[in-house]
Amino acid sequence: MAREIHVISPKDNTGTVISRNMAKGRVVEMELDGAIQSIEILKDIPYGHKIAVRPIRQGDTIWKYGLSIGTALTDIQVGDHVHIHNIESNRGRGDLYQVATAKEAL
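Since the model is a prediction, treat every value here as computed from it, not as a measurement.

What follows is about the overall build of the protein. Secondary structure assignment for the protein yields one helix and nine strands. The order of helices and strands in the protein, counted from the N terminus, is β-β-β-β-β-β-β-β-β-α. Taking all contacts inside the protein whose residues are at least 6 apart in sequence as the whole, residues at least 24 apart take part in 47%. As displayed, the protein has an accessible area near 6100 Å², and 52% of this comes from carbon and sulfur atoms.

Shown next, in the form of structure tokens:
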């Protein structure tokens, strides 16, 4: 199985697309939590962008590489493109970083 989605940390709810063939409707297999899972691509996703690998609820922290990178503005389904249209970045925002850090401690 060729890796097409790269997930670093077990807490990540997003993965990085490392394939140039992430077209809507395609089904890809990936390893998540030690098991092979099939994910249907819900929208075309460009190389290097994020894809949801777990269901994400509005207000949830977005995790990538084991780090909080933002907050979901809407519910995001597995296989959906995760980008500026559905997350608010917490990069450079100390107020959002503190909220995400507090959630992580729970």
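Moving on from the model shown.
Within the structure shown, the criterion is met by three salt bridges. Across the pair Arg54 and Asp33 runs a salt bridge, and its minimum N-O distance is 2.9 Å. Taken together, the residues span a long stretch of sequence, with Arg54 in the loop between strand S5 (50-52) and strand S6 (61-64) and Asp33 in the loop between strand S3 (27-32) and strand S4 (35-40) at a distance of 21 residues. Overall, Arg54 belongs to the buried group, its relative accessible area being 19%. With its nearest N and O atoms 3.5 Å apart, the salt bridge here joins Lys43 to Asp80. Here Asp80 lies in the loop between strand S7 (67-72) and strand S8 (81-82) and Lys43 lies in the loop between S4 and S5, a separation of 37 residues in the sequence.

Cut-offs and rules
Residues numbered from 1 in each chain as written. Predicted model: local features only at pLDDT ≥ 70, side-chain atom pairs only at ≥ 80, totals over all residues. Heavy atoms only, no water. Helix = DSSP H or I, 4+ residues; strand = E, 2+ residues; numbered from the N terminus. Contact = heavy atoms within 4.5 Å. Areas by Shrake-Rupley, 256 points an atom, 1.4 Å probe, with all protein chains shown as cover. Salt bridge = Lys/Arg side-chain N within 4 Å of Asp/Glu carboxyl O. Buried < 20%, exposed > 50% of the residue type's maximum accessible area, 1.4 Å probe, protein only.

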